[in-house]
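Examining the three-dimensional arrangement
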Amino acid sequence: MSQSQAPSPSESQPHSPSRPLKLAVLVGSVREGRFAPVVTRWFTEQAERHGQFDVDVLDLADFDVPLELPAMPPAMNPDLVRPAGMAELTRKLAAADAVVVVTPDYNRSFPASLKAAVDWHYAEWQAKPIGFVGYSGASGGLLAIEQLRQVFNELQAHTVRDYVSFPRYYLLFDADGTLREPAEPESAAKVMLDQLLWWGAVLHDARRDRPFTPAR
């Protein structure tokens, strides 16, 4: 249900920034009857308990993200005016130091709602670390996560190695949304959050000191 390994020295003693890093938790599913709120609530508790993050949940169900994309993509049009219904989403993604995507996998991929939100943005992802929390009936969201790694790599983001995964999630949480056996997922979340903290702090300072302007 999770993936981690013995931490490296940099992970066991993560960098402590002078202020909490801004962590955006992006909820990718907008499906009717979705399980995403349960998983998101659990992960948000882990991130807040970690103590090094200012956590902001961005639920795509709360924003108007059109599936129709502009003729010229954000990568080629930095002055793009996005729909008013997603202005707050854009602002908060831009302000984030790190992002964790909470996603199921549908038909061996990630939701269309999530792809639309990713594609409507570009600079908001650049030179930032991305982590993943996946859930599904069989793979635990790993099929979606592996595809999302390729997408975010194209957008000049850095996906951290470790992740949290819940295969057969409906057996792992009780009726109140509490994990029946929390130790392993909590450990995996801690490892991933430590990696996000290190990369988030380093990349925050790098963006400040040397603005990221990749050649096209």
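Residues numbered from 1 in each chain as written. Predicted model: local features only at pLDDT ≥ 70, side-chain atom pairs only at ≥ 80, totals over all residues. Heavy atoms only, no water.

1. Topic: the overall build of the protein
Within the protein one finds seven helices and seven strands. Each helix and strand of the protein, ordered N terminal to C terminal, gives the series β-α-β-α-β-α-β-α-β-α-β-β-α-α. Scaling as 2.2 N^0.38, a compact globule of 216 residues should have a C-alpha radius of gyration of about 17 Å, and the protein matches this with 17 Å. Its C-alpha atoms put the protein at 50 × 40 × 25 Å along the principal axes. With 216 residues in all, the protein has 49% of them scored as buried. Contacts in the protein between residues at least 24 apart in sequence constitute 84% of all its contacts with a sequence separation of at least 6. Charge centroids of the protein, computed over 21 positive and 27 negative side chains, lie 3 Å from each other. (Helix = DSSP H or I, 4+ residues; strand = E, 2+ residues; numbered from the N terminus. Rg over C-alpha atoms; globule rule 2.2 N^0.38 Å. Buried < 20%, exposed > 50% of the residue type's maximum accessible area, 1.4 Å probe, protein only. Contact = heavy atoms within 4.5 Å. Lys, Arg positive; Asp, Glu negative; His and termini not counted. Charge placed at Lys NZ, Arg CZ, Asp CG, Glu CD.)

2. A look at the environment of Met76
One can find Met76 in the loop between β3 (53-59) and α3 (87-95). Judged by its relative accessible area of 57%, Met76 is exposed. Taking the C-alpha atoms as reference, Met76 lies 9.2 Å from Tyr122; in sequence the two are 46 residues apart.

3. Thoughts on the pairing of β3
Summarising the sheet, strand β2 (residues 21-27) and β3 pair through seven bridges and their orientation is parallel. Residue Val27 lies in a different strand from β3, and its bridge partner there is Asp59. With respect to chirality, the unit in which β2 leads through helix α2 (residues 36-50) into the neighbouring parallel β3 is right-handed. (Pairing = 2+ DSSP bridges. Right-handed = clockwise from strand over helix to strand, strands pointing away.)

4. Some words on the pattern of salt bridges
Applying the stated criterion to the full structure yields 14 salt bridges. Where Arg149 meets Glu146, a salt bridge forms, and the shortest distance between an N and an O atom there is 3.5 Å. Within this pair, Arg149 and its partner Glu146 are both found in helix α5 (residues 142-154), separated by three residues, close to a single helical turn. With relative accessibility at 16%, the residue Arg149 sits in the buried group. (Salt bridge = Lys/Arg side-chain N within 4 Å of Asp/Glu carboxyl O.)

5. Focus: the side chain of Asp194
Residue position: Asp194 is located in helix α7 (residues 183-209). Of the polar contacts made by the side chain of Asp194, one reaches the side chain of His50; its length is 2.7 Å. Of note is the side chain of Asp194, whose polar atom sits 2.7 Å from the side chain of Lys190. (Polar contact = N/O pair within 3.5 Å; in protein donor to acceptor, adjacent residues only side chain to side chain.)

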